[in-house]
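Structure assessment
Given next are the chains, with one letter for each unit.
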Amino acid sequence: MGGMRRVLVANRGEIALRVVRACHAAGIEAVAVYSDADRDSRWVRLADDAVHIGASSVAKSYLNADALLEAARSSGADAVHPGYGFLSESAEFARRVSEAGLVFVGAPSPVIARMGDKAAARAAAEEARVPVIPGSGPLADENAALETAPDIGYPLLVKASAGGGGKGIRPVRGAGELPGVLATARAEARASFGDDTVYLERSLEGARHVEVQVLADDHGNVIHVFDRECSVQRRRQKLLEEAPSPGIGPKLRGEITAAATRLAAHVGYRGAGTVEFLVAPNGEFHFLEMNTRIQVEHPVTECVTGVDLVAEQLRVASGGPLALRQEDVALDGSAVELRINAEDPDNGFMPTPGELTRFDLPGGPGIRIDTGFVPGDRITPFYDSMIAKLVCWGTDREQALARAGQAVSELGVEGVASTRPLHEALLASPEVRKATFHTAWLEEWLSHRE
Amino acid sequence: MATIKATMPGVVYRRPAPEAAPYVEEGGTVASGQTVALIEVMKNFNELSSEREGTLTRFLVEDGDEVSIGQEIAEVDG
């Protein structure tokens, strides 16, 4: 592998800027890429070099592997950092980057492929003695489903084997509903994924989403960097995340972090990754999926551990060992991240492109803002709606939440609607204050406000 | 003559998928409520439909154009 001198940052927005900064901190040059719409962006200006990769639509730019590989070649990059989203979990893109003689700053291609396949990831978890959600294997027909369902127990979920991103999932409350839902789910799976294989999984009511950050290198080191709580979500999109999870105690924390590192070691993981779990009200935890990339909410982990996760990604990708051992990682305080999206929470979260005519960012002790935008920038309809992450650290959860409340009140966004008022209401809610939420809570809470 | 206007800002697509046939060709007939285009805004896809029946005489934007809310997308004669 050898050392990296010049990294192509194959992404946009705040994560592109985050990677540019990490490269500079490590003495590495960063090459940005940009579409037509992103020509004058902040991350492009701060990079050492920049390459135009195509038109504004994602298919012609940030999802265009040919254009990205050509950008790496023409700019003399020796590595590619994919960020999150786009091609970050494409096993094929990782393979093509390696075949072009470049370092892929991520997991090995076969590991991405394995953990990206729901059934294969579940099997890997079982091999690693990590509890999975009670469920069936792939089901050939309706009779097989009807026979298996009572063993799994209701309520349950019918899931498409080929599904992903929250698609192809249907709930079943009782046996009477099963045949109808099965037929619909299989038709939908066939139409969406070209494969009507489905399986059943117990629906864990009132469960929390808790995930564990892992880091691994090529020298046999696999460590965890503690956990994050991401239960506050709408349509499986997280809105408020924190570290550590307020919902688990020391014993469960020990078990869940050990399970995550066991799975990462079992699959030969390298780089930064996240193992997601559902934690049931009775404290049982179950493997959900593994994300083989850096996550949007990684800063809360950085705030409570002092570990620079992107720096570690760069270090292990260039063949080096992790800068720290497990015993060097300790929790210090509490952090919360608020995702500020250009969406109107009072109008069904309708995305609102427009010009950021005002963009006043908060500050003060413990406040970190990750954003790719500056005042006057245009938020275009081509990409996702996140415009900033407000990350607030405190010596304890109470102080972190208090600082978050102060930060969100200082935030000034005009020209586009934003989730700012929603965050003000969330931070004032007893469920967030007392951390009594679960994965279905936000949608229930929103429906009661209407 | 009536026009179909964008119900939200975004990117207009005249076909449901890149390889698919257009929802409707210029000169084709449309029913009331029939989808004539998709508007994508930040990964959300929304169908744009004709409020009346008639002949869609022409599109006023190109496939893939960025449009603002209320912008005229197509003309319907009927």
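All residue numbers refer to position in the chain's written sequence, counted from 1. Working convention: letters from A go to chains and numbers from 1 go to ligands, in the order in which they are written. Local features in this predicted model are restricted to residues whose pLDDT is 70 or higher, and side-chain atom pairs enter the listing and the counts only when it is 80 or higher, whereas totals over whole chains, interfaces and linings include all residues. Computation of side-chain values covers all heavy atoms of the structure but excludes hydrogens and water.

Chain B is annotated in an unreviewed UniProt entry as Biotin carboxyl carrier protein of acetyl-CoA carboxylase from Haloactinospora alba. UniProt positions are given in the numbering used here, feature names are shortened, and annotations may be inferred rather than shown by experiment. If you open the UniProt record of chain B and go to Pathway (unreviewed entry), you find "Lipid metabolism; fatty acid biosynthesis." The Function (unreviewed entry) comment attached to chain B in UniProt states, word for word, "This protein is a component of the acetyl coenzyme A carboxylase complex; first, biotin carboxylase catalyzes the carboxylation of the carrier protein and then the transcarboxylase transfers the carboxyl group to form malonyl-CoA."

Within an unreviewed UniProt entry, the label attached to chain A reads biotin carboxylase, and the organism entered is Haloactinospora alba.

Observations concerning the overall build of chain A
Working definition: helices are DSSP H or I runs of at least four residues, strands are E runs of at least two. Numbering for both runs from the N terminus. Regarding its fold elements, chain A presents 15 helices and 22 strands. Based on C-alpha atoms, the radius of gyration is set beside the globule rule, defined as 2.2 Å times the residue count to the power 0.38. Taking 22 Å as the expected radius of gyration for a compact globule of 450 residues, we find that chain A reaches 22 Å, a close match to that expectation. Taken over the C-alpha atoms alone, chain A extends approximately 60 × 50 × 45 Å along its principal axes. Burial statistics for chain A: of 450 residues in total, 56% are counted as buried. Long-range contacts, defined as pairs at least 24 residues apart, comprise 65% of the intrachain contacts of chain A with a sequence gap of at least 6. In the structure as shown, chain A presents an accessible area of about 17,500 Å², 48% of it carried by carbon and sulfur atoms. Classification of residues uses two cut-offs on accessible area relative to the type maximum, computed with a 1.4 Å probe and protein chains only: under 20% is buried, over 50% is exposed, and between them is partly exposed. Here, residues are in contact when the closest pair of their heavy atoms is within 4.5 Å. Only the protein chains shown count as cover for residues, with accessible areas throughout obtained via the Shrake-Rupley method and a probe of 1.4 Å.

Observations concerning the nonpolar core
We call a set of buried Ala, Val, Leu, Ile, Met, Phe, Trp, Tyr and Cys residues a nonpolar core when their side-chain atoms join them within 4.5 Å. Membership of the largest hydrophobic core comes to 94 residues, with the highest contact counts inside it found for M4, F93, M115, L263, F277 and F287 of chain A. Segment limits for the domains were obtained from an automatic or database-derived domain assignment. Residue contributions to this core reach at least three from each of two domains, namely domain 1 (6–105) and domain 3 (208–448) of chain A. Every residue in contact with M115 of chain A, bar those within four places of it in the chain, is listed here: A121, A124, L263, V267, F287, M290 and T292 of chain A. Counting residues in each nonpolar core, the second largest holds 55 residues, with I369 and L390 of chain A together with L56 and V61 of chain B among its members.

Description of the packing of aromatic side chains
Remark: the centre distance and the inter-plane angle together describe each pair of aromatic rings, the angle taken between the planes. All names here are of chain A. What counts as a ring pair is set by centres within 6.5 Å for rings of Phe, Tyr and Trp (its six-membered ring), and what kind of pair is set by the plane angle: stacked under 30 degrees, edge-to-face over 60, tilted for all other angles. Taken as a whole and judged by the stated rule, the model has seven aromatic pairs over all chains. For the pair Y62 and F86, a centre-to-centre distance of 5.3 Å together with 25 degrees between the ring planes defines the contact as stacked. Of this pair, Y62 sits in the loop between strand 3 (49–54) and helix 3 (65–75) while F86 sits in the loop between strand 4 (79–81) and helix 4 (91–99), and the two are 24 residues apart along the sequence. For Y62, a relative accessible area of 0% translates into the label buried. By relative accessible area, F86 is classed as partly exposed at 26%.

Structural notes on the state of the cysteines
All names here are of chain A. When two cysteine sulfur atoms lie within 2.5 Å, the pair is treated as a disulfide. Across all of its chains, the model carries zero disulfides over all chains by this definition. Cysteine C230 shares no disulfide, and the gap to the nearest cysteine sulfur, in C303, comes to 14 Å. The exposure class of C230 is buried, given its relative accessible area of 0%. With no disulfide of its own, C303 lies closest to C392 among cysteine sulfurs, the gap being 8.5 Å.

Some thoughts on the packing of helix 4 of chain A against helix 5 (residues 109–116) of chain A
Residue and element names in this part refer to chain A. An axis is simply a line fitted to the C-alpha atoms; with a helix, the fit covers only the stretch in contact. Between two such axes, the angle follows the N-to-C directions and lies from 0 to 180 degrees. For the pair helix 4 and helix 5, interaxial distance at closest approach is 8 Å and the crossing angle is 180 degrees. Classified by the angle between their axes, helix 4 and helix 5 sit roughly antiparallel to one another. Counting all contacts with helix 4, which are made through A91, A94 and R95, the residues of helix 5 involved are S109, I112 and A113. Classes in brief: Ala, Val, Leu, Ile, Met, Phe, Trp, Tyr, Cys and Pro nonpolar; Asp, Glu, Lys and Arg charged; the others, Gly included, polar. Its residues assigned to classes, the contact of helix 4 with helix 5 shows four nonpolar, one polar and one charged. Small angles under 35 degrees read as roughly parallel and large ones over 145 as roughly antiparallel, with 65 to 115 read as roughly perpendicular and the rest as oblique.

Some remarks on helix 10 (residues 298–305) of chain A
Within helix 10 of chain A, seven of the eight residues are buried, which leaves the element mostly enclosed by the surrounding structure. Within two residues after helix 10 of chain A, G306 of chain A carries a phi angle of roughly 75 degrees, on the positive side.

As for the UniProt feature "domain: Lipoyl-binding" (unreviewed entry) in chain B
Those places that UniProt annotates as "domain: Lipoyl-binding" (unreviewed entry) correspond, in this numbering, to residues 1–77 of chain B. For residues 1–77 of chain B, the helix share is 0%, the strand share is 48%, and the end-to-end C-alpha distance is 5 Å.

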